[in-house]
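Single-letter residue listing:
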Amino acid sequence: NAGVTQTPKFRVLKTGQSMTLLCAQDMNHEYMYWYRQDPGMGLRLIHYSVGEGTTAKGEVPDGYNVSRLKKQNFLLGLESAAPSQTSVYFCASTEDRTSAEAFFGQGTRLTVV
Amino acid sequence: GNSVTQMEGPVTLSEEAFLTINCTYTATGYPSLFWYVQYPGEGLQLLLKATKADDKGSNKGFEATYRKETTSFHLEKGSVQVSDSAVYFCALTPYGNNRLAFGKGNQVVVIP
């Protein structure tokens, strides 16, 4: 009964390094999302996907790329990390229906130094 | 555009006190409204929701009523416990899609 699983849970990067965050869900959900959470800012949508092979930009997409090659996985990439990308990242998924409940992973705390 | 506004600042209160967290929204059409809760070190989880005007969502003693005339969805609980200490987020999804828009969240601290 895993739900939404994010890896890794913690990471420290040097400025300019790259990394990929993995999100996996086992609920057969169509929609998946990546958010970042910063103090006093709530959660802001980075990118989302409405199905396998699709991606779209959210509110704050710059500096990030995503891929959805398999329905159950949604990857978030940072090609050249910057200190402004220090944040807690959350993945979420929902069914394809209006007002569906979003299920969240436990988050990835990323620090860029 | 679609946006959610929550009252500023953390909320600190004593056990068994009454809790209110204000939430107002701006949206076109008829959004669905949600309250999500985040316990320390965890991801968000749905607390309650309402999908049309005058609906009341409720769960674990918390309630919120969808007020279209005041574009509000205030969260209330009559008697809080220490275990209710968490961050509470008001959110909406516009009609026709599931892209959640969140408020900034309110830290609630309940002291014994």
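The coordinates are above.
Presented here is a report on the structure given in the accompanying data block. Quick caveat: nothing in here was measured; it's all calculated off a predicted structure.

Turning our eyes to something else, we now look at the sheet that holds strand β7 (residues 56–59) of chain B. Residue and element names in this part refer to chain B. Taken together, the 4 strands give an open sheet; going across it, the order is β3-β9-β8-β7, and neighbouring strands pair in antiparallel fashion. Of all the strands in the sheet, the pair left with one neighbour each is β3 (19–21) and β7. Ignoring which end each strand starts from, the neighbouring axes of this sheet average 15° apart. Bridge count between β3 and strand β9 (residues 75–77): 3 bridges; the pairing is antiparallel. The partner of L19 across the bridge, within β9, is K77.

Right, let's talk about the pairing of strand β3 (residues 19–25) of chain A for a bit. All names here are of chain A. Residues of β3 alternate between two faces, with M19, L21, C23 and Q25 buried on one and T20, L22 and A24 left unburied on the opposite face. Where strand β1 (residues 4–7) lies against β3, 4 bridges are found, and the strand directions are antiparallel. When the bridges of β3 are listed, T5 appears paired with A24. As paired elements, β3 and strand β8 (residues 73–78) share 6 bridges and run antiparallel to each other.

Looking at where B:S32 falls in the secondary structure, it is placed in strand β5 (residues 32–38). Excluding residues within four positions of it along the chain, B:S32 makes contact with A:T98, A:S99, B:A50, B:T51, B:A91, B:L92 and B:T93.

For the rest of this paragraph, the subject is the packing of aromatic side chains. Applying the stated rule across the entire model yields 13 aromatic pairs over all chains. The interplanar angle of 70° and the centroid separation of 6.5 Å between the aromatic rings of A:Y31 and A:Y33 together place this pair among those described as edge-to-face. On the basis of relative accessibility, which here comes to 15%, the residue A:Y31 falls in the buried class. Where B:F34 meets B:Y36, the ring centres are 6.0 Å apart and the plane angle is 35°; that geometry is what we call tilted. B:Y36 matches B:F34 in its accessibility class, with the two residues each being buried. Put simply, the rings of A:Y31, A:Y33, A:Y35, A:Y48, A:F104, B:F34, B:Y36, B:F89 and B:F102 touch in pairs and so form one group of aromatic residues.

Cut-off values and rules
Each chain has its residues counted from 1, following the order in which its sequence is written. Here every chain gets a letter starting at A, and every ligand a number starting at 1, in the order they are written. Only residues with pLDDT of 70 or above have their local features reported here, since the model is predicted, and side-chain atom pairs are shown and tallied only from 80 upward, although totals for entire chains, interfaces and linings are computed over all residues. To obtain the side-chain values, all non-hydrogen atoms of the structure were included, while hydrogens and water were left out. Two strands qualify as a pair provided DSSP detects at least 2 bridges between them. Where helices and strands are cited, they refer to DSSP runs of H or I of at least four residues and of E of at least two residues respectively, numbered from the N terminus. Here an angle of 0 to 180 degrees is reported between the N-to-C directions of two axes, which are lines fitted to C-alpha atoms, with helices fitted over the stretch in contact. Only protein chains enter the accessibility calculation, which uses a 1.4 Å probe; a residue is then buried when its area is under 20% of its type maximum, exposed when over 50%, and partly exposed in between. Note on definitions: a residue-residue contact is assigned when non-hydrogen atoms from the two residues lie within 4.5 Å. Only Phe, Tyr and Trp rings take part, Trp by its six-membered ring, and two of them pair if their centres are within 6.5 Å. Stacked means planes under 30 degrees apart, edge-to-face means over 60, and tilted covers everything else.

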